[in-house]
Amino acid sequence: MSTPAITPAGPDVETPEVAPAPRRMFRFGGARRGGGPVTLGIGVALALGLVTVALVAPLLNLADPMQTDLTRRLNPPGTPGHLLGTDQLGRDVLSRVLAGARWSLGIGSTAMLLGVTIGVSLGVAAAWSRSWLRTVLTRAIDIGISFPYLVTAITVVAVVGRGFWALALTLGLVCWPPVARVVYAETLGLREREYVLAARLMGVRAVSTVANHVLPALRPTVQVMAAFTFAEMMISESGLSFLGLGAPLGEPTWGNALSESRSYLATAPWMMLAPAGAIVIAVLAANLIGDGLTARSRRRGERLGS
Amino acid sequence: MGTEVVASVTDLSVAFPAGADWRTVVRGVSLTVRRGDRIAIVGESGSGKTMVGMSLLGISPEQARVRGQVLVDGIDPQRGSPAQLRRLRGDAAAMVFQDPLTSLNPVRTIGAQLTESVRRHQRLGRAQARVRVLEALHAVGVPAPAERLGVYPHQLSGGLRQRVMIAMAILNRPALLVADEPTTALDATIQAQILGVLRSGLDAGALLLITHDLAVAAEVCTSVVVMYAGQIVEQGPIAELLRRPRHPYTRGLIAAVPTFDPARPSLRPIPGTPPTRPDLGVGCRFADRCAYVSQQCRDTEPALADGVACWHPREEALR
Amino acid sequence: MADVAVPATATATPAVAPARMLRAVGRALVTRLTQLVALLLVVSTALFFLLRLSGDAARVLAGENASPETIELVRAQYGLDRPLVVQYGVFVGQLLRLDFGTSLYNGQDALALVLERAPATLQMSALAVLVSALLAVPIGTWLGARSGGRARNVVTVLISCVQGVPGFVTGLLLIQVFAVWWGVLPSIAGSGWTSLPLPILTLTAFLVPQLIRVLAASTGEVMRQDYVRTAVANGAGRGTVVARHALPNALLGVTALLGSQFAALMSGAMLTEFIFAWPGLGLLLINSVTTLDFPLVQATVFVIAVLVFLVNLAMDIVFQVVDPRLRRRAA
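About the thresholds
- Residues numbered from 1 in each chain as written.
- Chains lettered and ligands numbered in written order.
- Predicted model: local features only at pLDDT ≥ 70, side-chain atom pairs only at ≥ 80, totals over all residues.
- Heavy atoms only, no water.
- Helix = DSSP H or I, 4+ residues; strand = E, 2+ residues; numbered from the N terminus.
- Rg over C-alpha atoms; globule rule 2.2 N^0.38 Å.
- Buried < 20%, exposed > 50% of the residue type's maximum accessible area, 1.4 Å probe, protein only.
- Contact = heavy atoms within 4.5 Å.
- Areas by Shrake-Rupley, 256 points an atom, 1.4 Å probe, with all protein chains shown as cover.
- Lys, Arg positive; Asp, Glu negative; His and termini not counted.
- Charge placed at Lys NZ, Arg CZ, Asp CG, Glu CD.
- Pairing = 2+ DSSP bridges.
- Axes fitted to C-alpha atoms, helices over the stretch in contact; angles between N-to-C directions.
- Core = buried A, V, L, I, M, F, W, Y, C linked by side-chain atoms within 4.5 Å.
- Expected span 1.5 Å × (residues − 1).
- Buried area = accessible area lost by both parts, 1.4 Å probe.
- Polar contact = N/O pair within 3.5 Å; in protein donor to acceptor, adjacent residues only side chain to side chain.
- Nonpolar A, V, L, I, M, F, W, Y, C, P; charged D, E, K, R; others polar.
- pLDDT = per-residue confidence, 0-100.
- Arc of directions from axis to C-beta.
- Parallel < 35°, antiparallel > 145°, perpendicular 65-115°, else oblique.
- Left-handed = near helix turned anticlockwise from the far one by under 90°.
- Phe/Tyr/Trp six-rings, centres within 6.5 Å; stacked < 30°, edge-to-face > 60°.

Student: An account of the overall build of chain B is requested, with residue identities and associated values reported.
Tutor: A count of helical and extended segments in chain B gives 12 helices and nine strands. A compact globule built from 319 residues should have a C-alpha radius of gyration of about 20 Å, and chain B, at 20 Å, falls within 12% of that. Along the first, second and third principal axes, the C-alpha atoms of chain B reach 65 × 50 × 40 Å. Across the 319 residues of chain B, 57% fall into the buried class. Considering only residue pairs separated by 6 or more positions, chain B has 64% of its internal contacts joining residues 24 or more positions apart. Summed over all atoms, the accessible surface of chain B reaches about 12,500 Å², with 53% contributed by carbon and sulfur. Side chains of chain B give 36 positive and 29 negative charges; the mean places of these two sets differ by 4 Å.

Student: Provide a residue-level description of the overall build of chain C, including the pertinent values.
Tutor: Counting its secondary structure elements, chain C contains 14 helices and zero strands. Secondary structure elements of chain C, listed N to C terminal, follow the sequence α-α-α-α-α-α-α-α-α-α-α-α-α-α. Burial analysis of chain C (331 residues in total) assigns 47% to the buried set. Long-range pairs, those at least 24 residues apart, make up 71% of the contacts in chain C between residues at least 6 apart in sequence.

Student: Mind laying out the sheet that holds strand E1 (residues 5-18) of chain B, listing which residues take part and the relevant values?
Tutor: Residue and element names in this part refer to chain B. As summarised here, the arrangement of the three strands in space is E2-E1-E4, forming an open sheet in which the pairing is antiparallel. Each edge of the open sheet carries a strand with a single partner, namely strand E2 (21-34) and strand E4 (65-72). Pairs of neighbouring strands in the sheet enclose a mean axial angle of 10°, with direction left out of account. With 10 bridges connecting them, E1 and E2 associate as antiparallel partners. Looking at the pairing, valine 9 lines up with leucine 31 of E2.

Student: Would you mind going over the nonpolar core in detail, with residue names and values included?
Tutor: Residue and element names in this part refer to chain A. Of all hydrophobic cores here, the largest spans 115 residues; its most connected members are Ile154, Leu240 and Trp254. Among the elements that make up this core, the one with the highest residue count is helix H7 (residues 206-242) (13 residues). Excluding its chain neighbours within four sequence positions, the residues that come into contact with tryptophan 254 are Val97, Gly100, Ala101, Ser104, Leu105, Met234, Pro275, Ala278, Ile279 and Ala282.

Student: Any details on helix H4 (residues 149-160) of chain A? Residues and values, ideally.
Tutor: All names here are of chain A. Over its 12 residues, H4 extends 16 Å from the first C-alpha to the last, a length consistent with the 16 Å expected when each residue adds 1.5 Å. Of the residues making up H4, those classed as buried are Leu150, Val151, Ala153, Ile154, Thr155, Val156 and Val157. Downstream of H4 by a residue or two, glycine 161 has a phi angle that is positive, lying close to 85°.

Student: With reference to specific residues and values, describe the interface of chain A and chain C.
Tutor: Interface size, as often reported, equals the accessible area lost upon joining of the parts. Contacts between the two partners involve 44 residues from chain A and, on the opposite side, 57 residues from chain C. Interface area for chain A against chain C, summed over the two sides, is near 4,600 Å², with a carbon-plus-sulfur share of 74%. Put simply, chain A and chain C have five residue pairs in polar contact (both at pLDDT 80 or more) between them. The set of elements that each furnish at least two residues to the side of chain A that touches chain C consists of helix H3 (131-146), H4, H7 and helix H9 (270-303) of chain A. At nine residues, the largest contribution of residues to the side of chain A that touches chain C is made by H9 of chain A. Looking at the side of chain A that touches chain C, its residues break down into 29 nonpolar, eight polar and seven charged.

Student: Lay out the confidence of the model for chain C with the relevant residues and their values.
Tutor: With 85% of its residues at a pLDDT of 70 or more, chain C shows a mean pLDDT of 77. Two summary scores accompany this predicted model of the complex, namely pTM at 0.76 and ipTM at 0.77.

Student: How would you explain the sheet that holds strand E8 (residues 223-228) of chain B if you had to name every residue and give the values?
Tutor: All names here are of chain B. Strand order in the open sheet formed by six strands is E5-E6-E7-E3-E8-E9, and the pairing between neighbours is mixed. Single-partner strands in this sheet number two, and they are strand E5 (93-96) and strand E9 (231-237). Averaged over neighbouring strand pairs, the angle between their axes works out to 15° when direction is ignored. Bridge analysis of strand E6 (residues 176-180) against strand E7 (residues 206-211) gives five bridges, and the strand direction is parallel. When the sheet's bridge partners are listed, leucine 176 is paired in E7 with alanine 206. Its contacts with the sheet place helix H7 (residues 158-170) against E5 and E6, and it is angled at close to 170° to E5.

Student: Please provide a residue-by-residue account of the environment of leucine 47 of chain C, values included.
Tutor: Looking at the secondary structure, you find leucine 47 of chain C in helix H1 (residues 17-53). Judged by relative accessible area, leucine 47 of chain C falls into the buried class, the value being 7%. Taking the C-alpha atoms as reference points, leucine 47 of chain C and leucine 134 of chain C, 87 residues apart in sequence, are found 38 Å from one another. Apart from residues lying up to four places away in sequence, leucine 47 of chain C is in contact with Thr155 of chain A together with Val297, Gln298 and Val301 of chain C.

Student: Would you mind going over helix H3 (residues 68-77) of chain C in detail, with residue names and values included?
Tutor: Residue and element names in this part refer to chain C. What H3 keeps buried is the set Ile71, Val74 and Arg75. Within H3, the buried residues cover an arc of 105° as seen down the axis, which keeps them to one side. Those residues of H3 that are exposed and aimed more than 90 degrees away from the buried face are Glu69, Leu73 and Gln77. Positive phi appears at glycine 79, one or two residues downstream of H3, with a value of about 65°.

Student: Kindly report on the environment of proline 216 of chain A, identifying the contributing residues and their values.
Tutor: Residue and element names in this part refer to chain A. Tracing the backbone shows proline 216 in helix H7. Proline 216 gets classed as partly exposed once you look at its relative accessible area, which sits at 41%. Excluding anything up to four places from it in sequence, proline 216 contacts Val210 and Ala211.

Student: Account for unusual backbone geometry, with residues named and values stated.
Tutor: All names here are of chain B. Positive phi values are uncommon outside glycine, yet alanine 144 reaches one of about 50°. The topology assignment puts alanine 144 in the loop between helix H5 (126-139) and helix H6 (145-148). Given the relative accessible area of 37%, alanine 144 is considered partly exposed. For aspartate 306, which is not glycine, the phi torsion reads 60° and is therefore positive. Using a relative accessible area of 66% as the deciding quantity, one classes aspartate 306 as exposed.

Student: Break down the packing of H3 of chain A against helix H5 (residues 164-191) of chain A for me, citing the residues and quoting the values.
Tutor: Residue and element names in this part refer to chain A. Interaxial distance between H3 and H5 falls to 8 Å at its minimum, and their mutual angle equals 140°. Judged by the inter-axis angle, H3 sits oblique to H5. The way H3 lies across H5 gives a crossing that is left-handed. For the pair formed by H3 and H5, the contact residues are Arg134, Thr138, Ala140, Ile141, Asp142, Gly144 and Ile145 on the first element and Trp176, Pro177, Pro178, Ala180, Arg181, Tyr184, Leu188 and Arg191 on the second.

Student: Before we move on, can you summarise the packing of aromatic side chains with the specific residues and values?
Tutor: Under the counting rule described, the total for this entry stands at seven aromatic pairs over all chains. Look at phenylalanine 164 of chain A and tryptophan 165 of chain A: their rings are 5.1 Å apart centre to centre, the planes differ by 75°, and that puts the pair in the edge-to-face class. With 4.5 Å between their ring centres and 25° between their planes, phenylalanine 242 of chain A and phenylalanine 168 of chain C make a pair best called stacked. Placement of phenylalanine 242 of chain A in helix H7 and of phenylalanine 168 of chain C in helix H7 (residues 167-181) is noted, with the two residues assigned to different chains.

Student: Describe the environment of threonine 117 of chain A, with residues and values.
Tutor: Residues and elements named next belong to chain A. If you trace the backbone, threonine 117 turns up in helix H2 (residues 93-128). Of the residues examined, threonine 117 reaches a relative accessible area of 49% and is grouped as partly exposed. Each C-alpha atom of the pair threonine 117 and threonine 135 lies 21 Å from the other, and the pair is 18 residues apart in sequence. Among the polar contacts listed, one links the side chain of threonine 117 to the backbone oxygen of leucine 113, at a separation of 2.6 Å.

The structure is reproduced here in structure tokens:
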């Protein structure tokens, strides 16, 4: 088809969804991922809110999260001085949840950073290498994806023990496969893009090409994966702690709080609901950010005609 | 050429949302298609020709706003009831698309896809449907059609696939067949064959061929509609048009076909590019690229009169 | 005719197809087999070093309160005083004979214990997968086929929210509602079929949100394909388009992810077993790690690895059979 130099955006170009079309009998053309600047905005707002709250908490005049008071066990929310009630040792639930934010968010982001780094490195390496190395790496990624993360995490924890860094390391070690898989696919495509081909043909060294061309092009994808990986990490940490195999038992993480709440479901449901709610908000924020970023990169891609 | 009207389009306009506004890609297009007609809609990409075709079947994209009156076999494709639309699509009217590979379901055999269409519209039993499908495949020149029924689209060559698509379109003997760039994705040698199929496989129905290639139009059709920037700029019997094109754009199109005459420069493109926002501004849309433009052209939009929309239609034959 | 450049397969009669399919299956088998061997090797070696890394292995194996003499006994018994290379050799030898030793805590053969518990996990998982599919497929395709509208946005947000709730929290909530408040269903295993619903629902909660998301995305992709347009142009109504054209292709798109879905299933199963004290592989692993019962840990991880392999292999085969395009590639 003859294409003039400036394409007057012909009728087949997808245009952004605006007002809903008048009622039709039936239209095809299925759903786009719920996304858009609104989603991104909400996600970011939630995330920022959470982080702020977590950081600001110690400055607020709240009860000490570690302070036990056996005379005030299992008080329901609304008791003076305890907005969200107290737990089985009389500790203030609200301050424990806020203190848990620092822990959980901290572990989540550290693990995510580790996992994304490993994932990107392996993904790019796999896409860039040839023959046996690529086979080995892709098989490794495949195995990583199909192996249950919890099994690996539990076994590693058995060795590495508890503690912030240990847990972050463990979780980081189990979350890299999906990132690697996506990055691998993207990089394969990028490798054949004209500007990368040009660099390769000019004899630019692989490392330089990767650093200057591939990594920046991967950024939108990596951002999206980072958001979703963070959500996964939050859930994984809480899962591990729930099993008693995550954060050290005394620490106020959300997962530990959930674990402790288990015996008191009937008598003090707020012990479970507060940390559960916090986890939901954090994961929701991360997912929304991921969705928003996905939609944004898709729109950008369409505009550039990729 | 019969006189029964198969499809009529009156003042069709199609617009897409662009930010807070609408971008019109088809404006004021009117067309009458009669039984037995072979009409070509010729234009470059962005001229709106595909949208015209899609509006005839009511399959324009979700976000498009379609205005004007379209009637195909008595049915309004934009506003018909589900039952009417079912009768329209695949039965009264059918469409053949450009890329047969992506236009066929990759996980179903072509036999299944063809049979589905027949049984939906003609209420035939399985055996009878199969007979009809084989007939259609034969009509489009697919060799050994019975063996092809169990085959998947990716197992066929491009030419065969397109034949299958045409077969699917003519299965129910539509009154109107719209073919959108049916040969663009094919090799030149296959093109000729497919055009032959289109010419002969249609019985008494009408053919609306959408293409950017005048040569293709000349092969198959008897009359042509030239579109530019969403509007019809010239229309008429094709032999006349090729010999004496009156609109400067049409002249430019014909002249732009490369020749091998050493006395002439080999490439004579039309200077400039189509407007990005054809619905903005007044006056003739082609004014900026026209060699014969006058002030009147810029001030007032010429209406379609006597088959051409131009204030200064050229009368001399093309050199 | 010039364009009858049709490859031989186009005229293949049905009788030839199975041979081609077998070749494809064979290939999948070999690929997965090498993966399994690699996996088992890596996992076992990791476990081998795991034990020796976590401090004095003999002390760990002997238990917290063992006396120095017992520790030495254990050391000799497990051959921990011999050079590392020799130990590894012995280890591999045992592995090949599927000898995982005996559980530290009840002295039974580790492998036997694990195999005894496997069916419980499989039963719960299979049922949960069924329920999840029944829920996720209709909702996911409906979501993906709608191209806009309030209903869709609301449901999407709802699903995002639900996805944020960790599956085990849902399990706890379910216990709260059905076992504590209403008292209609038991919260632990052992009461016959009535103990099934809650664990299955919990495991379903692990799987469904992600499944819906993936299916919706896949369906959305498919609905934008040209062949959907062809189907509409041929008069297909919405139901036919979604069911006959969109769904098969969308499901195909999903099968690529089944590997990771199964991994998620296993992880979810572990947590579910923990909550409901369901006597399956997951609970066994958790307990054995908590008690540092290494032979049992080894055996459990090994069996899980084999299970993962088998399931992935089965899915590969199914995938080969189902997608006509893949069938051809094997030729």
